[in-house]
Amino acid sequence: MFGLDDALKQCVERVARFRRQHQRIGEQNTKAGLIEPVIGALGWDLFDPDEVHREYRRRGPDNPVDYALLLLRTPRLFIEAKGLGENLDDPRWANQTISYAAVAGVEWVALTDGAEWRIYNAHAPVPIEHKLFRAVRIEEGLDDAVELLSLLSKDNMRDNRIEELWKGYFVDRQVHGELHELFGDGEPATELVAMLDRRLPRLTRDEVRSSLIRVRATFDFPSSAAPTTVSPVSPVPLVEPVHVVRPPATPTLPQQLGPVGSGKGRAPKRPVSDAERALKVIDLIRAGRLRPGSKLYGKYLGKHYVAEVLADGSIRYGGRALGSPSAAGEAVKIDVYGPSITATRRATDGLDFWSAEDARAGDLVALKEIRRRVATEGEA
């Protein structure tokens, strides 16, 4: 039997081959070629229905779940399988299985098309869209896939390791949100200004507020060690650090960019000149640094987003043309939090949020850096 890392390497090779040949292999072939090898490598007996029950129904009239993984004949994990290349973002797939798992008393749910795995906690006391624990694409990070999927091994499910990590993640995510709300991307929270005003009697409140607007704060959440039952792994980062002024955003496709959660140190914030402030996106296009149709890449709360530069300098995101990069960044946050998002949380420095390829230099950098380069050329 392959170990998990070997099974995943084989899956990566198969996925690449199917995609090169533009094959749609369907759900049953996806199960046989991409999903069941992983289940077996996790230590589950594929030939024992008391461990791996295909087309599981809690009751006769229920719609079946593709796989139920059982310990002592009790389901511990439901797996909903889709054909390779199916749209896992369709809310029906996760919602249906999570709802069924909640009724059946099963805490953990996996949704996968063989190339991507998404793990949900069906019992989490949050809206269904926030029940996602972690997700991974096996082609983009084999080590990350081993780290995450090893939590679903038979031994680790028996020891409930994933529950231990979830508790820390669930708490850290809430604290992360509040820290982000306090420091924000724009106007600092009133209570934070007031607290520092009391603690710094030699400074005026306006001075404190101005300093908080300039601040580059980072909060690193310590990660718990990932289990080593299936394969030795590194610590798993549970929550993306809060970066008040965000570094150049990192999409998943360009080669020079790392996977979700791979944060690096950041340079000190540099003052913005008046010449830079005067430049708009249309000026960057006219200077030959941005091309109409170029992709913009943003990252927020561990997920990646893509927008497009239009010829008039506006930004297309979510099927809408928006007037500025900041408006497009705000649209991302509205998608994440909903229309009731607070003004403080919504505020976004779009030139920091989005990155693009500098059409002249050929590197992928924040729009703010492209603007700086154009301003520097004008001063030369």
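Residues numbered from 1 in each chain as written. Predicted model: local features only at pLDDT ≥ 70, side-chain atom pairs only at ≥ 80, totals over all residues. Heavy atoms only, no water.

1. Remarks on the packing of aromatic side chains
Part 1 of the reasoning: Counted under the stated rule, the structure contains seven aromatic pairs.
Part 2 of the reasoning: Between Y300 and F353, the ring centres sit 6.4 Å apart and the planes meet at 45°, which makes this aromatic pair tilted. Of this pair, Y300 sits in strand β9 (residues 295-300) while F353 sits in helix α13 (residues 350-353); the two residues are 53 residues apart in sequence, bridging distant segments of the chain. In terms of burial, Y300 and F353 fall into one category: buried.
Part 3 of the reasoning: What links up through ring pairs into an aromatic cluster is the set Y300, Y317, Y337, F353 and W354. (Phe/Tyr/Trp six-rings, centres within 6.5 Å; stacked < 30°, edge-to-face > 60°. Helix = DSSP H or I, 4+ residues; strand = E, 2+ residues; numbered from the N terminus. Buried < 20%, exposed > 50% of the residue type's maximum accessible area, 1.4 Å probe, protein only.)

2. Some thoughts on the pattern of salt bridges
Part 1 of the reasoning: Inspection of every chain in the model, using the stated rule, returns 28 salt bridges.
Part 2 of the reasoning: In this structure, E80 and K82 form a salt bridge, with 3.2 Å as the shortest nitrogen-oxygen distance. In this pair, the class of E80 matches that of K82, namely buried.
Part 3 of the reasoning: With its nearest N and O atoms 3.9 Å apart, the salt bridge here joins E140 to R137.
Part 4 of the reasoning: Its relative accessible area of 39% is what places R137 among the partly exposed residues.
Part 5 of the reasoning: If you follow the salt bridges from partner to partner, you end up with R289, D358, R360, D363, E369, R372, R373 and E377 in one network. (Salt bridge = Lys/Arg side-chain N within 4 Å of Asp/Glu carboxyl O.)

3. Focus: the pairing of β9
Part 1 of the reasoning: Most of β9 is tucked away, with five of its six residues classed as buried.
Part 2 of the reasoning: When β9 meets strand β10 (residues 303-309), the two strands line up antiparallel, connected through six bridges. Within the sheet, the bridge partner assigned to K295 lies in β10 and is E308.
Part 3 of the reasoning: The hairpin turn running from β9 into β10, its antiparallel successor, is two residues long, and L301 in that turn takes a positive phi close to 50°. (Pairing = 2+ DSSP bridges.)

4. Let's talk about the nonpolar core
Part 1 of the reasoning: Counting 43 residues, the largest nonpolar core has I39 and W117 as the members making the most contacts within it.
Part 2 of the reasoning: Each residue touching W117, except ones within four places of it in the same chain, is listed here: I35, V38, I79, A110, L111, T112, R134, A135, V136, I138, L148 and L149. (Core = buried A, V, L, I, M, F, W, Y, C linked by side-chain atoms within 4.5 Å. Contact = heavy atoms within 4.5 Å.)

5. What to know about the sheet that holds β9
Part 1 of the reasoning: Taken in spatial order, the six strands line up as β12-β11-β10-β9-β13-β14 in an open sheet, and their pairing is antiparallel. Two strands in the sheet have a free side with no partner beyond their single neighbour: β12 (320-322) and β14 (364-366). Each strand axis lies, on average, 35° off the axis of its neighbour in the sheet, ignoring direction.
Part 2 of the reasoning: Pairing of β10 with strand β11 (residues 315-317) involves two bridges; the strand directions are antiparallel. Pairing of V309 across the sheet is with I315, part of β11.
Part 3 of the reasoning: Strand contacts of helix α11 (residues 325-337): β9, β10, β11, β12 and β13 (354-357), with the helix running at about 10° to β11, the strand carrying the most contacts. (Axes fitted to C-alpha atoms, helices over the stretch in contact; angles between N-to-C directions.)

Just distances and angles here, no functional claims.
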